[in-house]
Every structure is written in C-alpha cells, then in structure tokens.
Amino acid sequence: MCAILQPHRSSKFGRGRERHRAVAGTRRGAVRRRDPPVDEAFLGSRRGAARSIRLRARLGARPRRAVSVGAMTSIVLFTNDLRLADNPALAAAIAAGPVVPLAVDDPREHGAWPLGSAARAWRALSLASLARSLEERGAWLAYRAGDAAEHAAAIARETDARAVHAAAAIEPDRAAWQRRLREALAREGVALVAHAPNLLHEPEALLTQAGRPHTVFTPFFRALVSRVAFAAPLPAPARIAVPAKRPASMPLPEPAGAPPALLDAFAQGEAGALAAADRFFSELVATYEDLRDVPSVEGTSRLSPHLAHGEISVRELARRAERVARESADPRAVFGAQAFLRQLAWREFAYHLLHHVPHTPSRPLKPEFERFWWERDEHVLRAWRQGLTGYPLVDAGLRELAATGWMHNRVRMVVASLLTKDLMQPWADGAVWFWERLVDADLANNTLGWQWVAGCGADAQPFFRVFNPVTQSRRFDPDGAYVRRWVPELARVPSRWIHAPWVAPPHELEAAGVRLGETYPLPLVDHAVARARAIEAFRALRSSM
DNA sequence: TGCTTCTTGTC
DNA sequence: ACAAGAAGC
Ligand SMILES: Cc1cc2nc3c(=O)[nH]c(=O)nc-3n(C[C@H](O)[C@H](O)[C@H](O)COP(=O)(O)OP(=O)(O)OC[C@H]3O[C@@H](n4cnc5c(N)ncnc54)[C@H](O)[C@@H]3O)c2cc1C
C-alpha cells in the first residue's frame, strides 16, 4: 500500500456527510471530522434502492430556509463558480434576503498556484458576463482586489450583512484561505456559510468498503454511479433583491494576456457555457464515442474551461447526460452520453484525490517517485513549450495551446508522455506550463492528468506504457489535418510523411517547402532510443525499492 | 485511454 | 510476406 492511502482526514464536508448518512443511513467507517465545512446540505446523496429515499435526498438539496424571501442581507462571494444557475450559495443568499454579489481577486486565495495568464483572461471575460447577468436581474457585482476578508467585512458593515455565502473550497490553498476568511469574518460577527461545490459527489462520503478514499478509478466510478443520486440543479433566479446601499466596485479587470485565438474558440460566461452544453447534447453526443479522440474535429464538448470557472453546473450536465442515456432512441447517443458521464467522473475522481491528498499538486502519489532522477534541461523544456520538438503532433498540440488556451485531450496525453518519458523532464514542469497557458487550468484535473501520464499517480498507467508520438499521430490524425492547422510550415507535406517528416524522401520535403533543421526542427530525441532509456530508468527505480 | 518483439498460422 | 495474438517491458 502506498502513501497515497494515508488519507488526509480533515473534512470540509462534515455536516453534509452527516446529512448524507441520515438520509441513506448505511455509512460505516467513521471518519473523524475536524474542520467545518459545507455548512449547508451537500447536493449529492446516496442512491437508495427505494425511490422515496432518493426523492427525499433530492428534496434535501433545496436550501433549507427557502420558505420565503427574508430580510437578512448577505454577501455572495464568487470564486470559481461564476454562474447564476444551480449556485447553492447564491440561492441561499437570495432566500435569506437582499444580496451583494462580490468577487475579489486576492492572491492569498491561490497560494502556490496563482492563476495563469490564460485563465486570468478568461476569468476577466467571465466576470464581465456575470456582472451583466446580475444587472439584468437587478443586482450589481462588487469587484475588488486585495484582502478578501477586509473587503467582505467592510461591505458587511456598510450593508449590514450578517452572512457571506460561498462554495466550499477543495483546492488546499483556497481551502486554507477560506478557513482564514471564516475566522476573520467571525471576529466581525459575520458568518461564512459554505455550500456544496460544483461536484456530483462528496469526497468525505464516497469511500471504499474499507472506509478509505478511492485510489482506483473503476471502483470509484462504479460507486459514483450506483451510490450517488445526482441532485436536481437549482434554477437560476429571475430577480435578485439588493440592499439600500450599493457598495463601491473597482472597474472589472481587463482580459490582458489572452491567447490570441481565444475569442474564436470559446464564448466565455454562463451563456457561452449553456450554448456549448446545448450544442453537445443536440449535435455531438451521438458521435462522441467515434470522434472524441480525433483532435482535428470538434468531437468533444469543450466544456472544460466553463467547468473550470464554474460557469455551468456539473449536476446540470450529469442530469442531461443521464436523460440522454436513459431516453434516447439512438444507441450511439446512449453510448456517447455514458462516455461523457465517465469523463465527468474523471473530474470527480480528480477532486476526490485532491481533497484527500492535498499535497498531490506538487508531490507524486506513488511515493517511490519522490526519488526518481528526473532530468532538468532548460533547452529541451523550452523547445517543448514552444512547440519545436520536431514531432509534428506534439508541436501541433503545444501550438494549439498557445493559440487558443486549450488542447485536445488525446494530444495532452501525447505531449505529456513525450516530456516526461522521452525527455525525462519532471511532470511538475509540464503541469506548471499547462497551468500558465490553459484556459481550463484546474488544479485537480491538471495534477491528475500529469501524474497519470507520468506513471506516478493513483491508478496511473504503468511506466512502460509510452506513447509513440508518430503512431499516435497516424492513428488519430491520419490525414494530418490537425498538424497542418497548427504547424503551418508542414502544411504541404503529404499525409504519408507528415507524421514523421525526417523519414520523408528529400524531394518530397523540398516540394513541400520544408528544410528540416531550418524551417522545421529535426526531432529533439530519437523516440526508439528515448523510450528504451525511460523504461530502463523506471525499471531501475522499481527495483531499487 | 501502449508499444515492441516474437511466435504461430496462413498463403 | 504478412496478419493475428501473446508476452514482456
Ligand atoms: C496532462 C493533462 C493535463 C490536463 N489538464 C487539465 C486541466 O488543467 N483542466 C481540465 O479541465 N482538464 C485537464 N485535463 C483533462 C482533459 O484533457 C480535459 O478535461 C479535456 O480535454 C477537456 O475537453 P472537453 O471539455 O471537450 O472534454 P469532454 O470529453 O467533453 O469531457 C467533458 C468534461 O469532463 C471532464 N474531463 C474530461 N476528461 C477528463 C480527464 N481526463 N480528467 C479530468 N476531467 C476530465 C472535463 O471537465 C471535461 O470538460 C488534462 C489531461 C491531461 C492528460
């Protein structure tokens, strides 16, 4: 058993778990509760055999005090949940009375992982969209920069608010920030009320038979599907009452540093997220299984940045996917919806791991990898970042990332494999670059993805599973459309040679206007040699235990 | 949600 | 010569 299995026991979900238990009544394996807090009922709940249990569980998802609109002013602190629909914190505040929506850019929130440039630009655009939606409903967003505790306390004094509602944080730095916020506000007589985060499951409640956190995806997935009833999403509010006094707002941040093609690739904000979901379920779900590994086409939902910024509720997505899986007459749509749910489950798994093992963003889940002798070569790292490795599929992916802030999942795996295995660079260096450039940068998903490819994660692929960047290119981009789009200097190379131009006959390259080493680099490493070297290194690591 | 090499069976 | 499958990394 590896160290990952030493669960981090501090629960952020205490009350929710108890409720969960009260509803379903079957939890064994007491997990001690140290810390607060989802203060309000967690939205997920155990799927009982009896329908009544499920119904009750779903009713439990509603804010408890939603009897009538009250008179108590509250602040809603938006962090990475930039939406109005199915936003439990917002719903609870509206039920209590007038609302001050607040967003603060506070470096303390992010600790070691300050937002990267692409995510910052996305957030700026998303905040602007959120501010407009709030205005349409009669409310105004207060935007501030600096210490969130000071701003929230000042606004509370100004508007006589007694509570700050927010989604419970899972990322360790954000959770620590939220704890300090809770304490600071308590000193002012203001309660921080934490609500269910944007997840389907509750990490403290969905444990293995042995009462431990899950570390293997398939049993986790089975448990998620069979034991958790996804809560019905809350509707978006039609009107939002505001207090008499309007707190000052700074001008919203500018979307500086946005990837150049960001606006062509995505529409930021809740409306854009809903449009992407609509498109997925109406047009893409039936071909999802066939096309989701083909990077040249839009075969996946591209919802990841919307989810990363909380512009759409994962419960809403799961509900729609379940409906298609249950009701569609088209078997391809049924399979597509199931496959999509499985992807959402990977996201759940990533958050499960991050919650239970908060050091995972910087340390391998398999402890033997702490001793691994990664190489550090600034030169190859820079070539990789710039998309100049000489492997066309890899370079295409890294350039898609630079241009749009997003990269297709299949290509993420291949570029990560090349960096960590062929080039033997630390997976964390790759994760930092993704963090800087992805609009969907997500600490849980990014960490899981990198550790999975590098082989040091929970349920990761074994070390000897090394992607061949040429085979992957031939298999998933057979006509080279993806490479041509993102590596224009190879656009005229025939499909037969585009995946590995260095083996092309010279006259073919010349006809395509390619001079290897000048217009496009020769491969940084010989994959066959690099693969053998990496496997040998990992084998040595294993036998030195 | 791999890849490579080696073996066997077919023509 | 090559497809299909097994085994090992
Ligand atoms: C090295 C590496 C790094 C990654 N970094 C991130 C990251 O920072 N942020 C991020 O959101 N995803 C990350 N992923 C996961 C995955 O590549 C993206 O979620 C996916 O490509 C998003 O595209 P989509 O929305 O069209 O996905 P779809 O196929 O439409 O899937 C729907 C949703 O499921 C979730 N999902 C899908 N695949 C995964 C997965 N493998 N792991 C976790 N969740 C998943 C995402 O939220 C996604 O939006 C990473 C993967 C790898 C291999």
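You'll find the structure just up there.
Student: Quick question: what am I supposed to make of the protein's contact with DNA strand B here?
Tutor: Near DNA strand B, the surroundings consist of 13 residues, among which W346, F464, R465, V466 and F467 are the closest. Sugar and phosphate atoms represent 58% of those atoms of DNA strand B found within 4 Å of the protein. For DNA strand B, a phosphate oxygen lies 3.2 Å from a polar atom in the side chain of Q472. With respect to DNA strand B, the side chain of R475 contributes an N or O atom lying 3.0 Å from a phosphate oxygen. Mapped by element, the contributors of at least two residues to the surface near DNA strand B are α13 (331-356), α16 (409-422) and α19 (469-476). For the surface near DNA strand B, the element with the most residues is α19, which contributes three residues. Broken down by class, the residue content of the surface near DNA strand B amounts to five nonpolar, four polar and four charged.

Student: I'm lost on the side chain of D106 in this one. Help?
Tutor: Summarising the element assignment, D106 is placed in the loop between β3 (99-105) and α4 (117-136). At 2.6 Å, the side chain of D106 and the side chain of R108 are in polar contact. Discounting residues that sit within four places of it in the chain, D106 has contacts with G146, D147, A148 and W177.

Student: Hey, could you run me through the packing of α16 against helix α23 (residues 527-543) in this one?
Tutor: Helix-helix packing: each pair is described by the crossing angle between the helix axes and the interaxial distance. At a minimum axis separation of 9 Å, α16 and α23 run at an interaxial angle of 65°. On the side of α16, the interface is formed by T420, K421 and D422, while α23 contributes H527, A530, R533, A534 and F538.

Student: Any chance you could explain the packing of aromatic side chains here in plain terms?
Tutor: Two numbers describe a pair of aromatic rings. These are the distance of the centres and the angle of the planes. Enumeration over the complete set of coordinates arrives at 25 aromatic pairs. When the ring of F369 is compared with that of F372, the centres are 6.2 Å apart and the planes differ by 45°; the resulting orientation is tilted. Given the relative accessible area of 6%, F372 is considered buried. Here F463 and F464 contribute two aromatic rings whose centre-to-centre distance is 5.3 Å and whose plane-to-plane angle is 75°, an arrangement assigned as edge-to-face. Classification of F463 by relative accessible area gives buried; the value is 13%. Members of the aromatic cluster, each reached through a chain of ring pairs, are F369, F372, W373, W374, F463, F464 and F538. Between the NZ or CZ atom of R342 and the centre of the ring of F221, over which it lies, the distance is 5.0 Å. Geometry around F476 places R410 over its ring, the cationic atom sitting 4.2 Å from the centre.

Student: Got a minute to help me understand the sheet that holds strand β5 (residues 163-167) in this structure?
Tutor: The strands making up a sheet are joined through hydrogen bonds of the backbone, oriented either antiparallel or parallel. Taken together, five strands build an open sheet; the order of strands is β4-β3-β2-β5-β6 and the sheet is parallel. Of all the strands in the sheet, the pair left with one neighbour each is β4 (142-145) and β6 (191-195). Each adjacent strand pair in this sheet contributes to an overall mean axis angle of 30°, direction not counted. Across five bridges, the pairing between strand β2 (residues 74-78) and β3 is parallel. Within the sheet, the bridge partner assigned to F78 lies in β3 and is A103. Packed on one face of the sheet, helix α5 (residues 148-159) meets β2, β3, β4 and β5 and runs near 160° to β3. In this fold helix α6 (residues 172-187) packs onto β2, β5 and β6, with an angle of close to 145° to the strand it touches most, β6.

Student: Teacher, can you tell me more about the pattern of salt bridges here?
Tutor: Where charged atoms from two side chains of opposite charge come close, those side chains can pair. Counting across every chain of the model gives 26 salt bridges. E109 serves as the salt-bridge partner of R174, at 2.7 Å between the closest nitrogen and oxygen. With R174 in helix α6 and E109 in the loop between β3 and α4, this pair connects stretches of sequence that are 65 residues apart. Since its relative accessible area comes to 10%, R174 is described here as buried. Owing to a relative accessible area of 3%, E109 belongs among the buried residues under this scheme. Among the ionic pairs, R533 bridges to E375, the shortest N-O distance being 2.7 Å. Taken as a pair, R533 in helix α23 and E375 in the loop between α13 and α14 (378-386) lie far apart in primary sequence, 158 residues in all.

Cut-offs used in this document
Residues numbered from 1 in each chain as written. Chains lettered and ligands numbered in written order. Predicted model: local features only at pLDDT ≥ 70, side-chain atom pairs only at ≥ 80, totals over all residues. Heavy atoms only, no water. Near = heavy atom within 4 Å. Polar contact = N/O pair within 3.5 Å; in protein donor to acceptor, adjacent residues only side chain to side chain. Helix = DSSP H or I, 4+ residues; strand = E, 2+ residues; numbered from the N terminus. Nonpolar A, V, L, I, M, F, W, Y, C, P; charged D, E, K, R; others polar. Contact = heavy atoms within 4.5 Å. Axes fitted to C-alpha atoms, helices over the stretch in contact; angles between N-to-C directions. Phe/Tyr/Trp six-rings, centres within 6.5 Å; stacked < 30°, edge-to-face > 60°. Buried < 20%, exposed > 50% of the residue type's maximum accessible area, 1.4 Å probe, protein only. Lys NZ or Arg CZ within 6 Å of the ring centre and 35° of its normal. Pairing = 2+ DSSP bridges. Salt bridge = Lys/Arg side-chain N within 4 Å of Asp/Glu carboxyl O.

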